[in-house]
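# Understanding the architecture of this molecule
Each chain is listed here by its residues.
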Protein chains: 2
Amino acid sequence: MKLEMICTGEEVLAGQIVDTNAAWFASTMMEHGIECQRRVTVGDRLEDLVSVFEERSHHADIILVNGGLGPTSDDLSTEAMAITKGEVLVENSVWRERLEDWFTRNGRVMAASNLKQALLPASALMIDNPVGTACGFAVKHNRAWFFFTPGVPFEFKQMVVEQFIPFVKQHFNITGDVALRKYLTLGQGESALADELEKIELPEGTTLGYRSSMPHIEIKLFARGKMAIAQLDKVEAQIRFLLGNALVADEKKSLAEEIHSLLVGTGLTLSVAESCTGGMIASQLIDFPGSSSYLDHGLVTYSNESKVKVLGVKPETLDDHGAVSIATVEEMAKGVRAILDSDYALATSGIAGPGGGTDEKPVGTVAIALATKGGVYSQMIRLPRRSRDLVRSLSTAVAFDMLRRELLGEAVIIDYGSIGRFKK
Amino acid sequence: MKLEMICTGEEVLAGQIVDTNAAWFASTMMEHGIECQRRVTVGDRLEDLVSVFEERSHHADIILVNGGLGPTSDDLSTEAMAITKGEVLVENSVWRERLEDWFTRNGRVMAASNLKQALLPASALMIDNPVGTACGFAVKHNRAWFFFTPGVPFEFKQMVVEQFIPFVKQHFNITGDVALRKYLTLGQGESALADELEKIELPEGTTLGYRSSMPHIEIKLFARGKMAIAQLDKVEAQIRFLLGNALVADEKKSLAEEIHSLLVGTGLTLSVAESCTGGMIASQLIDFPGSSSYLDHGLVTYSNESKVKVLGVKPETLDDHGAVSIATVEEMAKGVRAILDSDYALATSGIAGPGGGTDEKPVGTVAIALATKGGVYSQMIRLPRRSRDLVRSLSTAVAFDMLRRELLGEAVIIDYGSIGRFKK
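Residues numbered from 1 in each chain as written. Chains lettered and ligands numbered in written order. Predicted model: local features only at pLDDT ≥ 70, side-chain atom pairs only at ≥ 80, totals over all residues. Heavy atoms only, no water.

### Re the overall build of chain A
This is how it is decided: Helical segments are the DSSP runs of H or I of at least four residues, strand segments are the runs of E of at least two, and each set is numbered from the N terminus. Think of it in three bands: residues with accessible area under 20% of the maximum for their type are buried, residues over 50% are exposed, and the middle band is partly exposed, with areas taken using a 1.4 Å probe on protein chains only. Here a residue-residue contact requires only that any non-hydrogen atoms of the pair lie within 4.5 Å.
Counting secondary structure elements, chain A contains 15 helices and 18 strands. Over its C-alpha atoms, taken along the principal directions, chain A stretches across nearly 80 × 60 × 40 Å. With 424 residues in all, chain A has 57% of them scored as buried. For chain A, restricting intrachain contacts to residue pairs at least 6 apart in sequence, the fraction spanning at least 24 positions comes to 68%.

### What about the interface of chain B and chain A?
Keep this limit in mind: Buried area is understood as the total, over both parts, of accessible area removed when two parts are fitted together, assessed with a 1.4 Å probe. Salt bridges are identified by distance alone: a Lys or Arg side-chain nitrogen within 4 Å of an Asp or Glu carboxyl oxygen.
The partner chain A presents 70 residues to the 68 residues of chain B that form the contact. Between chain B and chain A, a total of about 5600 Å² is buried, with carbon and sulfur atoms accounting for 52% of that surface. Summed over the shared surface of chain B and chain A, the number is eight salt bridges. Across the pair Glu-55 of chain B and Arg-56 of chain A runs a salt bridge whose closest N-O atoms are separated by 3.4 Å.

### Concerning the nonpolar core
Inclusion rule: Buried Ala, Val, Leu, Ile, Met, Phe, Trp, Tyr and Cys residues form a nonpolar core when they are joined through side-chain atoms within 4.5 Å.
Formed by 56 residues in total, the largest nonpolar core has its most connected members in Phe-53 and Phe-146 of chain A together with Phe-53 and Phe-146 of chain B. If near-sequence neighbours (up to four positions away) are discounted, Phe-53 of chain B is found in contact with Ile-6, Val-65, Ser-77, Ala-80, Met-81, Thr-84, Phe-146 and Phe-148 of chain B.

### What about the layout of surface pockets?
Cut-off, in case you're wondering: Cavity means a closed set of points on a 1 Å grid over the protein atoms alone, one where a 1.4 Å probe fits but cannot get out, pocket means an open set with protein on both sides within 12 Å along at least 5 of 7 lines, and lining means a residue has an atom within 4 Å of a point. Grid points are joined across faces, edges and corners, and a volume is the space filled by probe spheres set on the points. Residues are grouped as follows: nonpolar covers Ala, Val, Leu, Ile, Met, Phe, Trp, Tyr, Cys and Pro; charged covers Asp, Glu, Lys and Arg; every other residue, Gly included, is treated as polar.
Of the voids in this model, the second largest pocket is the one considered here, and its volume is about 640 Å³. Looking at the second largest pocket, it is lined by 25 residues, and the ones nearest its centre are Glu-10 and Asp-74 of chain A together with Thr-207, Leu-208 and Gly-209 of chain B. Top contributing element to the lining of the second largest pocket by residue count: strand 10 (residues 206–213) of chain B, with five residues. Here the lining of the second largest pocket is built from residues that sort into nine nonpolar, seven polar and nine charged.

### A closer look at the packing of aromatic side chains
Residue and element names in this part refer to chain A. Formally: Note on ring pairs: Phe, Tyr and Trp rings are taken, using the six-membered ring of Trp, and paired if centres are within 6.5 Å. Classes follow the plane angle, with under 30 degrees stacked, over 60 edge-to-face and the rest tilted.
With the rule as written, the count across this model stands at 22 aromatic pairs over all chains. Between Trp-102 and Phe-103, the ring centres sit 5.3 Å apart and the planes meet at 70°, which makes this aromatic pair edge-to-face. Phe-103 carries the same exposure label as Trp-102, and that label is buried. These aromatic residues form a ring-pair network of at least three members: Trp-24, Phe-25, Trp-145, Phe-147, Phe-156, Phe-164 and Phe-167.

### Describing empty space enclosed by the protein
Applying the stated criterion across every chain yields a total of two cavities of 30 Å³ or more. Approximately 80 Å³ is the volume found for the largest cavity. Among the elements of the structure, strand 2 (36–42) of chain A together with helix 2 (20–31) and strand 2 (36–42) of chain B are those that each provide at least two residues to the lining of the largest cavity. There is about 40 Å³ of room inside the second largest cavity. Taken together, Ala-26, Met-30, Glu-35 and Cys-36 of chain A together with Glu-10, Leu-13 and Ala-14 of chain B form the lining of the second largest cavity. Those elements giving two or more residues to the lining of the second largest cavity turn out to be helix 2 (20–31) of chain A together with helix 1 (10–13) of chain B.

### Observations regarding unusual backbone geometry
Put simply, Gly-353 of chain A and Pro-354 of chain A share a cis peptide bond, and its omega is 0°. Mapping Pro-354 of chain A onto the fold places it in the loop between strand 15 (344–350) and strand 16 (365–372). We note that Asn-142 of chain A has phi near 50°; this positive angle belongs to a residue other than glycine. The residue Asn-142 of chain A is located in the loop between strand 7 (136–141) and strand 8 (144–149) in this model. Look at Asn-142 of chain A and you get partly exposed, because its relative accessible area is 39%. Backbone geometry places Glu-251 of chain B, a non-glycine residue, at a positive phi of 55°. Looking at the secondary structure, you find Glu-251 of chain B in the loop between strand 12 (247–250) and helix 10 (255–263).

### Examining the packing of helix 12 (residues 304–311) of chain A against helix 14 (residues 326–339) of chain A
All names here are of chain A. To keep it simple, the criterion reads: Angles here are taken between N-to-C directions and fall from 0 to 180 degrees, while the axes themselves are lines fitted to C-alpha atoms, restricted in helices to the stretch in contact. Oblique is the label for any angle not under 35 degrees, not over 145, and not in the 65 to 115 range, which are roughly parallel, roughly antiparallel and roughly perpendicular in turn. Crossing handedness is read from the near helix: turned anticlockwise from the far helix by less than a right angle, it gives a left-handed crossing, and turned clockwise, a right-handed one.
Viewed as axis vectors pointing N to C, helix 12 and helix 14 meet at an angle of 40°, and their least axial separation amounts to 9 Å. By the criterion of interaxial angle, the relationship of helix 12 to helix 14 is oblique. Considering the relative orientation of helix 12 and helix 14, their crossing is left-handed. Only Thr-328, Glu-331, Met-332, Gly-335, Val-336 and Ile-339 of helix 14 make contact with helix 12, whose side of the interface consists of Lys-307, Val-310 and Leu-311. Classifying every residue of the contact of helix 12 with helix 14 by side-chain character gives five nonpolar, two polar and two charged.

### Some details on the environment of Ile-17 of chain A
Mapped onto the secondary structure, Ile-17 of chain A falls in the loop between helix 1 (10–13) and helix 2. As a C-alpha pair, Ile-17 of chain A and Phe-146 of chain A span 129 residues in sequence and 24 Å in three-dimensional space. Setting aside residues no more than four positions away along its own chain, Ile-17 of chain A makes contact with Glu-11 and Val-12 of chain A together with Ala-23 and Arg-211 of chain B.

### Observations regarding the pairing of strand 3 (residues 62–66) of chain B
Residues and elements named next belong to chain B. Definition in use: One bridge is not enough; two strands pair if DSSP finds at least two bridges between them.
The buried count for strand 3 comes to five of five residues, which makes it a mostly enclosed element. Side-chain alternation along strand 3 places Ile-62, Leu-64 and Asn-66 on one buried face and Ile-63 and Val-65 on a second face that is also buried. As defined by bridge partners, strand 1 (residues 3–8) adjoins strand 3 across five bridges and the pair is classed as parallel. Considered in strand 3, the bridge of Ile-6 is made with Val-65.

### Thoughts on the side chain of Ser-27 of chain A
Here Ser-27 of chain A shows up in helix 2. The exposure class assigned to Ser-27 of chain A is buried, which follows from its relative accessible area of 13%.

### Details of the sheet that holds strand 8 (residues 144–149) of chain B
An order of 6(A)-7(A)-8(A)-3(A)-1(A)-2(A)-2(B)-1(B)-3(B)-8(B)-7(B)-6(B) is seen for the twelve strands of this open sheet, with the pairing classed as mixed. At either margin of the open sheet sits one strand with a lone partner, and together these are strand 6 (125–127) of chain A together with strand 6 (125–127) of chain B. Looking at each pair of strands side by side, their axes are set apart by 20° on average, direction ignored. Where strand 1 (residues 3–8) of chain A lies against strand 2 of chain A, six bridges are found, and the strand directions are parallel. Considered in strand 2 of chain A, the bridge of Leu-3 of chain A is made with Cys-36 of chain A. Sitting on the sheet, helix 2 of chain B is in contact with strand 1, strand 2 and strand 3 of chain B, with an inclination near 165° to strand 1 of chain B. In the packing of helix 6 (residues 153–171) of chain B onto the sheet, contacts are made with strand 1, strand 3, strand 6, strand 7 (136–141) and strand 8 of chain B, and the angle to strand 8 of chain B comes to roughly 165°.

### Overview of helix 7 (residues 190–197) of chain A
Residue and element names in this part refer to chain A. For clarity, the threshold we go by: By construction, the arc corresponds to the directions joining the helix axis to the C-beta atoms.
Of the positions making up helix 7, those classed as buried are Leu-193, Ala-194 and Leu-197. Buried residues of helix 7 fall within an arc of 100° about the axis and therefore sit on the same side. Away from the buried face of helix 7 by more than 90 degrees, exposed residues Ser-191 and Asp-195 are located. On the buried face of helix 7, the contacting elements are strand 9 (178–186), strand 10 (206–213), strand 11 (216–224) and helix 9 (232–243).

### What about the sheet that holds strand 11 of chain A?
Residues and elements named next belong to chain A. Strand order in the open sheet formed by four strands is 10-11-9-12, with antiparallel pairing between adjacent strands. Each edge of the sheet is formed by a strand with only one pairing partner; in this case those strands are strand 10 and strand 12 (247–250). Strand-to-strand twist across the sheet, computed as the mean angle between neighbouring axes with direction ignored, equals 25°. Relative to strand 12, strand 9 runs antiparallel, the two sharing three bridges. The partner of Tyr-183 across the bridge, within strand 12, is Asp-250.

In structure tokens form, the structure reads like this:
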């Protein structure tokens, strides 16, 4: 079974947007044991679309087409497929009704151009899109099944998971003998991790992959075939041993997700006072529904005045030690915890850059504290000064990891491979 | 002149890395007036590479190939091109010397595998790579010039700018007569915008494009040729007129960027109190270096207790009107502004979902207030309940737009096409 992908859209081809749909699609299919063998990206010209549809129809068994199903004049995928097949476009009455319902439900008037979205090539099978106005469809041409999906990422992803993968499994004989495990790491570079994990003799059918997802490296352990799957636990034990403290979560996309799952439903509460991370700690938690049950508040106290007035940091602490100091960040954590008597509080203060560094405290210097009802833990770390965003996201991750370790009863302050730490 | 790109590498095809080289390349070429017309992404299989080289050699005039020039066994681009041309690989003595120098200079011993990097197809022109061990090369095959570049982004980019673009300009007659303008919109769907802007009769050589960048739609006006460029101002005036309030910024990626540029360096200050947006307002501003000069603090007061204790919201206001109400959000804005006597304050409180809605206040109901030294503006809006993230990002955008309009001396509260508003 040969799978290919065709990405359409001038903005994708012209690089105005980076094609994250393509990467997501290939790695999602990989997790189902299906490799994508070629990807062609074309713009919004009708003749280009027709020529690539015709050409690839002779080479692939199934082709996922992404984009070009919208209502505007540069959305041409449907028309191009009809031309390729030599078919007329026919209004799909089911989808027309859905469109009318959709606009009524959302209290909006349907534009005339939206009616175009109910037109499908005569031989097409309609594919439902429960979350948008572009319906998908599937058409067989020459050797290939073409499966058309909308470009909007959340509509696309839902359609792939709920419709495309079952469609592929139904039409082709896909064995499900694949397994994937994911490990989230913090504080080691990709090459350092790879050097370490190369010590493992991987059983046949087993591969290790690395994916950089700033500030984390995600490690993927993939096994194909019953024999390889049977040995996964053994391989995993070796990975855990070799990773040590760098391993911060299993099967999670971020430390925020890990913290959310550790706190939600426990009755424990958290307050956050952020300076350099600027709301990133609170914001990453608030992404998860239900976070209001444990997150009391998250205060971004950017100015010294705010640290004094809102958190009760002593002016003389700021004068004597500076805003980026163990003393200040400890008072921030204790202060924000006290306001609502939360169980835990995190506080950060640092120099995210690009300006603001000194010889003593260069860009990338960040103080982080965790206050509990019993006391306060703190450290001052030195992060790579590569970018403002990296300093902020690494600081956020280290703060979460301190809380994670406390919640699991482990030592709160540890050494990470590639993150420096100032002596107290 | 027809330009295409071939991206190679299993990790790009399989989505383990997102192909940022491709997006960068296409948009860089676009700035030089050269459109990339197709992009094919293939893995590291020799037969796939040979087949795509042969195939595209009949269709394009120039093909940039990225990746597969490294020293390892899965770097096969050079070998594949030699097979395609039916040529042998020949050691390039200039590059061999450069390799030896390079390793000596970096104090490292050259691995035997690196010698492979001095092998080029017999008819290839060597292309210098001053910053790495992979040399580029150019080969003519059938209709096309193939231009091979390394996958490492900073080596790739330097080679494109210093070698590839001059190569293209030397071999083909390229005029640089292109111009691009961008407009950021809020509150109208893509199809509604397109319906409106279709009224404009575009001069020849002028195209309009739409790009969804939640919660905004970006409109791109592209002109090719002296005549089209000369008429851009006239077209732009029509766009401005037709967009009306939906147009919120020019040449900016987000309203946060617009607000940042309006506030930075003015001495004006801003405080933020967020509930449903959960730090997104503050966080989007803090992404910009220099935001500390105007952002006093951003308080995420998620719980009612926190609204009372930190912001001074009256408990009876919460009891009488609820947390999501005009009365509460006005007290939040006034409260957070007063703490540090900031010039402006924004406050949000709403139901981001998926749970927590009622008949009277369904998911998507959001109250937003802007407090100034002179008074307070507020509104309660009703957003599409499609996703928690959309509710939060639209609320953030509307809040920014209220502040933007105030800073520009325009009416603060307006109607947006697709955003409902509750009567007070």
